[in-house]
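The residues making up each chain are set out below.
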Protein chains: 4
Amino acid sequence: MTKLVKKIALLTSGGDAPGMNAAIRSATLTAHDYEVIGYKHGFNGLLDQDCIVLNDADVRHIIHQGGTILKSARCPAFSEVQSSKIAAENLSKNQIDALIVIGGDGSFRGACHLAQYWSGQIIGIPGTIDNDVDGTDHTIGFYTAMETALDATDKIRDTADAFERIFIVEVMGRHSGFLATSIGIACGAEQIICPELHAPEHFDLQTITQHVESTRARRGKSSYIIVMSENSYPDGAVALAHLLSEQIGIDCRACVLGHIQRGGSPVASDRILATKLGAAAVEAIASGKSKLMIGESQGAIACIPLDQASTHQKTVDTTLLKLQQHVFDHQG
Amino acid sequence: MTKLVKKIALLTSGGDAPGMNAAIRSATLTAHDYEVIGYKHGFNGLLDQDCIVLNDADVRHIIHQGGTILKSARCPAFSEVQSSKIAAENLSKNQIDALIVIGGDGSFRGACHLAQYWSGQIIGIPGTIDNDVDGTDHTIGFYTAMETALDATDKIRDTADAFERIFIVEVMGRHSGFLATSIGIACGAEQIICPELHAPEHFDLQTITQHVESTRARRGKSSYIIVMSENSYPDGAVALAHLLSEQIGIDCRACVLGHIQRGGSPVASDRILATKLGAAAVEAIASGKSKLMIGESQGAIACIPLDQASTHQKTVDTTLLKLQQHVFDHQG
Amino acid sequence: MTKLVKKIALLTSGGDAPGMNAAIRSATLTAHDYEVIGYKHGFNGLLDQDCIVLNDADVRHIIHQGGTILKSARCPAFSEVQSSKIAAENLSKNQIDALIVIGGDGSFRGACHLAQYWSGQIIGIPGTIDNDVDGTDHTIGFYTAMETALDATDKIRDTADAFERIFIVEVMGRHSGFLATSIGIACGAEQIICPELHAPEHFDLQTITQHVESTRARRGKSSYIIVMSENSYPDGAVALAHLLSEQIGIDCRACVLGHIQRGGSPVASDRILATKLGAAAVEAIASGKSKLMIGESQGAIACIPLDQASTHQKTVDTTLLKLQQHVFDHQG
Amino acid sequence: MTKLVKKIALLTSGGDAPGMNAAIRSATLTAHDYEVIGYKHGFNGLLDQDCIVLNDADVRHIIHQGGTILKSARCPAFSEVQSSKIAAENLSKNQIDALIVIGGDGSFRGACHLAQYWSGQIIGIPGTIDNDVDGTDHTIGFYTAMETALDATDKIRDTADAFERIFIVEVMGRHSGFLATSIGIACGAEQIICPELHAPEHFDLQTITQHVESTRARRGKSSYIIVMSENSYPDGAVALAHLLSEQIGIDCRACVLGHIQRGGSPVASDRILATKLGAAAVEAIASGKSKLMIGESQGAIACIPLDQASTHQKTVDTTLLKLQQHVFDHQG
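Remember, predicted model here, so these are calculated numbers, not experimental data.

All right, on to the packing of aromatic side chains then. Residue and element names in this part refer to chain C. Inspection of every chain in the model, using the stated rule, returns 16 aromatic pairs over all chains. With a centroid separation of 4.2 Å and 20 degrees between ring planes, the pair formed by Phe-43 and Phe-78 is classed as stacked. A residue pair is termed long-range when its members are at least 10 positions apart, and Phe-43 in helix 2 (residues 43-48) and Phe-78 in the loop between helix 3 (56-59) and helix 4 (81-93) qualify at 35 residues. With respect to burial, Phe-43 and Phe-78 carry one shared label: buried. Geometry around Phe-178 places Lys-314 over its ring, the cationic atom sitting 5.2 Å from the centre.

This is the structure we're talking about:
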């Protein structure tokens, strides 16, 4: 018996990011000539055959919801040949013609691995709060995480001002400084610590200490905020705060923002980006493309090979880093 | 007696936009080789010699503040020759070397007018929630207004859902649909009304009505949201809601978001954009440029002649408008 | 055949209020010895037999959601004898033992009417953003509406400051000034207009005008905010702003906050109140009570007869009104 | 020479709390028959003679600001006799007639100590996010901290749901569970850990573990949130999460909300409470009272002796704790 309608499958994988639901919605609504299937818990759903049919009504009111209705998970087993073969078989059994993977570079590596054993079309959509994916100016979730972390840092500025205190705010970003740089500039931080500026293996406490001391010497006691990306200092912000307190003899506090950066209703920019990319992914499938990641670059939809997206990481614009130093070095 | 330090003056003009303070801060902090003067109440300050010195300490903690510490105003008198001459004389008396005008196209027209009578450097920075300025992808304030309006529209969706009601949400935008389009996509609106889609002079109630009716016929009673930009329908959203209620026999409500869209702490994207543009404006002055507007296009600082920025208005990307129709026509 | 488990029915009626879902959740989870039924669209659900079973899983993650999963509606037909009789019959057919009505005084009048024809237990829970229900210090939804309106008014203050402008902010409240008074005090409004201070039929424009003028005379040009409750001035805030502009010759703007005040995720105070009242309503049913409204007064659960809750309206604490005058008359 | 106008001094002390500025504003504006002086950095300002005059214009637009314009600090030296004597002398030198101390129980102990050496009037206003002060239903700052923490916890629920993960959210509260209990109920937490329920010295990991396991056994994999107050588990939430992960073999994460709970614009309830208490404190001074703390109890202004406020701590209402157990034990 012939299958008349083609089937698209969707999954969300890796760290969840606000806007993943908006991408699921957009892909589902624009895939009106297809049957749409959602696999649960990332690649695990492919292994366990854990999936649901996605109809228009299922996605009508999810554009504003954080998290992902398809759930996410990491799936270490998926790097093994055996797992990818099982997944490929299950996709074939389910007569899936194309798979959309929403996630970060790790998820795209999984997708590339799967592509060796499955002949269906595979399209990636970049969804991660870290923004460290090549081939797209922004990843889904980055804008929201940036606002959430900024909102928290503004609050910390209030209490830092009240006590004229030094605070280290640790933000996410895995191994890149997109969040730290953006939040640092936006909150008017006195200092930013991120891998692009401070290689963790050559962490230079003295430079940091000197900046604190010279700033306080110049403008007197006042609040001083360091925005630091996770993994910049091996032992984390709490340990760095202790060390800094000892070195300069002034009470220094740490605040690790943590998982609050992953959740929350996506901001408009993430919802719009996700809506664009979800629709573009379906369009790419309709025109027969595969093994691509669909991103947005310079205001237009852009495609890059999925294996490029999974192997090269984007790095922070040096202009931004220079800007922060330029502005902050002269703020009195 | 020779003036040893050059003087830069700043003013904010026209409708206030969140992020104007971040631009004032960035320009002031990076203009460390200059004396910085702030004129109050837009161009009125030039006429009244109403100005203050801006030091680092004055701008240290304003990056997160809505409004503008320099106040803003419209200044209709400024289109007259006499006013521009007085302003030019006052600037000369104050030994101002360069003037940075933060505002929209109307403010840039004022600046161009002034340029006919004053030989100092003039640089414009686009600050308006309407995003309708040529030569920059985004204007300062647009991102924040978009989030504020989206937040309000999400709340209206809640009550619309509870009552399965039709709502018309009127957003700002002057004569362009940037806010309406973005918010419409981001809130999952069932319909968008904006000048680019519905010329006010050919307003077609029937098309709008038919979409409401066919949607409800297809998916049963449910909430239905129309995001409408101001000036799309000559008599406003409240009148349109009355008319629509009569035509389709279903209670339809209007919500005019109004000035809440202007205020509030700027979101990260606006603070970062404003910080970039403030620094770039000072850099442009340092390198001797004049009669330019400094914007950001495709991720890089961009300059266009100020008279172009004041005469051409940017229009909404048609891809976005098509996207909304594509997604919304198939959402069941 | 004997019914072994007793059945509780729930409905939400009248204007929706944030926290209604939290009350539904609390009642459902604590009614573990009962079967729980939810009627849809307020009293209409009783007439149409439109209901669903509510299990724990249905309410697990709704505590943070605005609106009401049971939908709400006004039901004018319900004041007729015939409707109440049909509703009573339908409740009996469905073997409902007790009905919890979440709503305002209008909803409680409906419940009292129903009580004449149905012998089951009826318990009311006060849910309305207006806070005008007797027998409880706060109604579910008031706290959230207050914060939403305050957030909007803070934003308006930003733009009012930038332009040194006069704004009239119209908030909800039906015929009482709880929202206007609270928001007025919390935003530092220069003037509050509410029914308790200005009887609509003796609306005194001159007093209002004089206060604007004397304030500006005393402290110079500066922003001036009037928080006005709906129905205070017969033609609404927009008309009043026009009139005021004419009288004092200064541009005065209006902002009608409207339905944004109904939506949004409930704040903690509303979620906690709703959780308390939902649990207390089930407890009241378990102990055989009926025709009561369950509220909270002075920190403890309180009950009053449902017909009292439906006939007497609570009024704003005069201390608060005096406080605002005391503070505001001396703010320079 | 006779002093004609009496002088009131204000200071904010201890952990800063949102709404302290609203209290400063209210006291300053209503003290129109007095000269008002603000001491900086808590009791340190008394020792260093570090103070400013507070005029109406200084406090006009601070009602919405987090932190405290008078700065805060802890002042361990103030428990020594010598310090209190110096402070008393300085107050006399400055001809201060009355002192308003805004802070928590530690600050009130300082004030009581000072009262032994200074004969002026002393009035306390309870300002702390912990809500652990006797004689008032709520302290200034508690409402805002509760909303901030709830907002963060809602975001954590999103990511916990996406991964069906266990999270421990550590909130502030010093040695009391007001924040933990309120947030736990409001976010629908599966478990609350606070001193009132789990004495730190008898911390019972097994009960906690069993609840996690039985809940997951009953309702399958799903997110599970523990709200824990600081100091409940000696080594903190991060250590507890590690321990729990080991015990139950499921990945458990911790999020320590930290100082974001102190900052931010105060919510309406805190602004209103602060406005009431600031005005009432001035009124108490006018009527000759001293050594009192002014709070609000059951909707009315209430006074208790300052030494009682500084020695007895309020404890969490057991009804609330029972409610959470009642609701949560039956949520499936």
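So, on to unusual backbone geometry. Residue and element names in this part refer to chain B. One non-glycine residue, Asn-231, lies in positive phi territory at about 75 degrees. Structurally, Asn-231 is set in the loop between strand 8 (224-229) and helix 9 (236-248). You can call Asn-231 partly exposed: its relative accessible area is 37%. Unlike most non-glycine residues, Gln-298 shows phi in positive territory, near 50 degrees. Tracing the backbone through its elements, the reader meets Gln-298 in the loop between strand 10 (292-297) and strand 11 (300-305).

Turning our attention to helix 9 (residues 236-248) of chain A. Every α-helix winds through 3.6 residues per turn, so residues three or four apart in the chain are directed the same way. All names here are of chain A. For helix 9, built from 13 residues, the straight-helix expectation of 18 Å at 1.5 Å per residue is met to within 8% by its first-to-last C-alpha distance of 18 Å. Turning to helix 9, its buried residues are Gly-236, Ala-237, Leu-240, Ala-241, Leu-244, Ser-245 and Ile-248. Looking at the buried side of helix 9, the elements it contacts are strand 6 (166-171), strand 7 (191-193), helix 8 (205-219), strand 8 (224-229) and strand 9 (252-256). Once helix 9 ends, the next one or two residues include Gly-249, with phi positive near 70 degrees.

If you rotate chain A by 180 degrees and push it 0.0 Å along the axis, it lands on chain B with an RMSD of 0.0 Å. Put plainly, the chains are arranged around a two-fold axis. Distance from the rotation axis, computed per C-alpha, reaches its smallest value in chain A at A:Gln298: 2.3 Å. Comparing contact sets, 100% of the residues at the interface of chain A also lie at the interface in chain B, consistent with an isologous, same-surface contact.

As a further point, take the domain arrangement of chain A. Residue and element names in this part refer to chain A. Along its sequence, chain A is organised into domain 1 (7-141 + 266-308) and domain 2 (143-262). In this structure, domain 1 and domain 2 have C-alpha centres spaced 34 Å apart. The contact between domain 1 and domain 2 buries some 1,300 Å² in all, and 50% of this surface belongs to carbon and sulfur atoms. One can count 3 salt bridges joining domain 1 with domain 2. Residue Asp-132 pairs with Arg-174 through a salt bridge whose shortest N-O separation is 2.6 Å. Remark: the boundary between domain 1 and domain 2 carries 12 residue pairs in polar contact (both at pLDDT 80 or more). Partitioned by chemical class, the residues of the side of domain 1 that touches domain 2 number 5 nonpolar, 5 polar and 6 charged.

The subject of this paragraph is the sheet that holds strand 10 of chain B. Residues and elements named next belong to chain B. Taken in spatial order, the 7 strands of this open sheet run 3-2-1-4-5-10-11, and their pairing is mixed. Looking at the sheet topology across the chains shown, the edges are occupied by strand 3 (51-53) and strand 11. Adjacent strand axes in the sheet meet at a mean angle of 25 degrees when their direction is disregarded. Direction of pairing for strand 5 (residues 121-126) relative to strand 10: parallel, over a ladder of 2 bridges. Within the sheet, the bridge partner assigned to Ile-123 lies in strand 10 and is Leu-292.

One pass over the full model with this rule turns up 48 salt bridges over all chains. Of the charged contacts, one joins B:Arg165 and B:Asp251 as a salt bridge, the two residues approaching to 3.5 Å between their closest N and O atoms. On the criterion of sequence distance, the pair formed by B:Arg165 in the loop between helix 6 (142-163) and strand 6 (166-171) and B:Asp251 in the loop between helix 9 and strand 9 (252-256) is long-range, its members being 86 residues apart. Each of A:Asp105, A:Arg109, A:Asp130, A:Asp132 and A:Arg174 takes part in one network of salt bridges that share partners.

What counts, and where the lines are drawn
Residues numbered from 1 in each chain as written. Chains lettered and ligands numbered in written order. Predicted model: local features only at pLDDT ≥ 70, side-chain atom pairs only at ≥ 80, totals over all residues. Heavy atoms only, no water. Phe/Tyr/Trp six-rings, centres within 6.5 Å; stacked < 30°, edge-to-face > 60°. Helix = DSSP H or I, 4+ residues; strand = E, 2+ residues; numbered from the N terminus. Buried < 20%, exposed > 50% of the residue type's maximum accessible area, 1.4 Å probe, protein only. Lys NZ or Arg CZ within 6 Å of the ring centre and 35° of its normal. Expected span 1.5 Å × (residues − 1). Contact = heavy atoms within 4.5 Å. Least-squares fit on C-alpha atoms with pLDDT ≥ 70 in both. Domains from an automatic or database assignment. Buried area = accessible area lost by both parts, 1.4 Å probe. Salt bridge = Lys/Arg side-chain N within 4 Å of Asp/Glu carboxyl O. Polar contact = N/O pair within 3.5 Å; in protein donor to acceptor, adjacent residues only side chain to side chain. Nonpolar A, V, L, I, M, F, W, Y, C, P; charged D, E, K, R; others polar. Pairing = 2+ DSSP bridges. Axes fitted to C-alpha atoms, helices over the stretch in contact; angles between N-to-C directions.

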